[in-house]
Amino acid sequence: MKKIALLFSLCGLLSIGAHAQHGVEGIRKSTDYQTTPESRNNGFGIKGGWSSSDFRGDDKGNYTNDANRQNFHAGFYYQFGLSPKASIQSEALYSRQGFKAASTYRANTATYETQLDYLQVPVMFVYNFVDNVSIHVGPQVSLLVNVKENKKAVNIADKNYNSLDYGGVFGVEGRVGPARVGGRYVLGLADIYNDAKSDSPANFDKLDNIKNGVIQVYVGIGFSQ
């Protein structure tokens, strides 16, 4: 809930900033573009920023001392305008996330850190609900490409990690000219771990039903077509 509250706070700040910019000479509004080919929502760019990741799910109660993990994400995007205010945006991001936690069901009961690196591909519907501020919502698929446990690299298959994640994203973005700043919440729907195998450690089935949850705050620069 804290992550969702942070996103709504960001939304309010961006809205205030957008209203403050009405009438500034040299900054075009969404309604200044009356045809799709001229839409300012056509273009591409780069983006990156801070991530705060954790986990959720039915087995979260079997973990203790869980804490968010702070890291980064970065990549590029392509945006296709449907109208002066609506567009479709796809992205390719490298996201470093994971979690910190401990559990009495593991051989080592100390708090440990899990690093999960994903290639993320969200495809979102974007709508400018006020000039210079938009909401972003849509599905996302992610491929797990690297895992570290307590800073030591591990084999994804050997450790029973799920190599594919999927879910949804919701966020808000503000922009002035080519510059962008925004935030979003990434809701993972696939388990981080595969179902327990016969050769899995004892009681692993009490820990495998957990999913990703990530809040991302970013800045970016865009280039119109």
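Residues numbered from 1 in each chain as written. Predicted model: local features only at pLDDT ≥ 70, side-chain atom pairs only at ≥ 80, totals over all residues. Heavy atoms only, no water.

**Notes on the packing of aromatic side chains**
Item 1. For the structure on display, the rule yields seven aromatic pairs.
Item 2. A ring pair is formed by Tyr161 and Tyr193, whose centres lie 4.8 Å apart and whose planes are at 35°; its orientation type is tilted. Taken together, the positions of Tyr161 in the loop between β7 (152–153) and β8 (164–176) and Tyr193 in the loop between β9 (179–191) and β10 (211–224) put the pair 32 residues apart, joining distant regions of the chain.
Item 3. With relative accessibility at 2%, the residue Tyr161 sits in the buried group.
Item 4. Following the ring pairs from residue to residue traces out a cluster consisting of Phe55, Tyr63 and Phe99.
Item 5. Positioned above the aromatic ring of Tyr218 is the side chain of Lys47, whose terminal nitrogen or guanidinium carbon lies 3.5 Å from the ring centre. (Phe/Tyr/Trp six-rings, centres within 6.5 Å; stacked < 30°, edge-to-face > 60°. Helix = DSSP H or I, 4+ residues; strand = E, 2+ residues; numbered from the N terminus. Buried < 20%, exposed > 50% of the residue type's maximum accessible area, 1.4 Å probe, protein only. Lys NZ or Arg CZ within 6 Å of the ring centre and 35° of its normal.)

**Remarks on unusual backbone geometry**
Item 1. A positive phi angle is found at Asn132, which is not glycine, with a value near 75°.
Item 2. Take Asn132: it is sitting in the loop between β5 (112–130) and β6 (133–149).
Item 3. On the accessibility criterion, Asn132 (6% relative accessible area) is buried.
Item 4. For Asn160, which is not glycine, the phi dihedral falls at a positive 70°.
Item 5. Note on placement: Asn160 falls in the loop between β7 and β8.

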